[in-house]
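# Coordinate inspection notes
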Amino acid sequence: MMVTTGLTNTAIAARRGTSNRTVDSQVASILVKLMINSRKDILPLLPPEHRDRADRSPQRRAPRAR
C-alpha cells in the first residue's frame, strides 16, 4: 500500500526496516504479477475499500539542495 502513496522504495525500506534491494525486488514482483509497467497503475487495481487509505499522500520533505 505504501507504493500507492508515492513513497520511494528507499522511504518504504526505512519505514519497514528492510533493505532497499528487498523493496526494489518486491515492487518489481508486484508489477510483473499485475502485468503493469508503473507504480501509478496499482491504485486503480486496489479494492474500493482500500483506495481511500492508499490515496492519501504522505508528507514529503523538500528536495535537498545540491
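In short, a report on the structure. (Residues numbered from 1 in each chain as written. Predicted model: local features only at pLDDT ≥ 70, side-chain atom pairs only at ≥ 80, totals over all residues. Heavy atoms only, no water.)

Helix and strand content of the protein: 3 helices and 0 strands. In sequence order, the protein lays out its α and β elements as α-α-α. In the protein, which comprises 66 residues, the proportion classed as buried is 23%. Here the contacts in the protein between residues at least 6 apart in sequence split such that 44% fall between residues at least 24 apart. Surface summary for the protein: the accessible area is close to 5,500 Å², and the carbon and sulfur share equals 52%. (Helix = DSSP H or I, 4+ residues; strand = E, 2+ residues; numbered from the N terminus. Buried < 20%, exposed > 50% of the residue type's maximum accessible area, 1.4 Å probe, protein only. Contact = heavy atoms within 4.5 Å. Areas by Shrake-Rupley, 256 points an atom, 1.4 Å probe, with all protein chains shown as cover.)

Along the chain, valine 27 turns up in helix α2 (residues 20–34). Note: C-alpha distance between valine 27 and valine 3 (24 residues apart in sequence) is 7.9 Å. Not counting residues up to four positions away in its chain, the partners in contact with valine 27 are Val3, Asn9 and Arg39.

By size, the foremost hydrophobic cluster in this structure holds 9 residues: Val3, Leu7, Ile12, Ala13, Val23, Val27, Leu31, Ile36 and Ile42. Elements supplying a minimum of two residues to this core: α1 (9–16) and α2. With 3 residues, the single largest contributor to this core is α2. Dropping the residues within four chain positions of it, valine 23 is found in contact with Asn9, Ile12, Ala13, Arg16 and Thr18. (Core = buried A, V, L, I, M, F, W, Y, C linked by side-chain atoms within 4.5 Å.)

Relative to the assigned elements, asparagine 9 resides in helix α1. Relative accessible area serves as the criterion here: at 16%, asparagine 9 is assigned to the buried category. Within the structure, asparagine 9 has its side chain in polar contact with the side chain of arginine 39 (distance 2.5 Å). With residues up to four places along the chain from it excluded, the contact list for asparagine 9 reads Asn20, Val23, Asp24, Val27 and Arg39. (Polar contact = N/O pair within 3.5 Å; in protein donor to acceptor, adjacent residues only side chain to side chain.)

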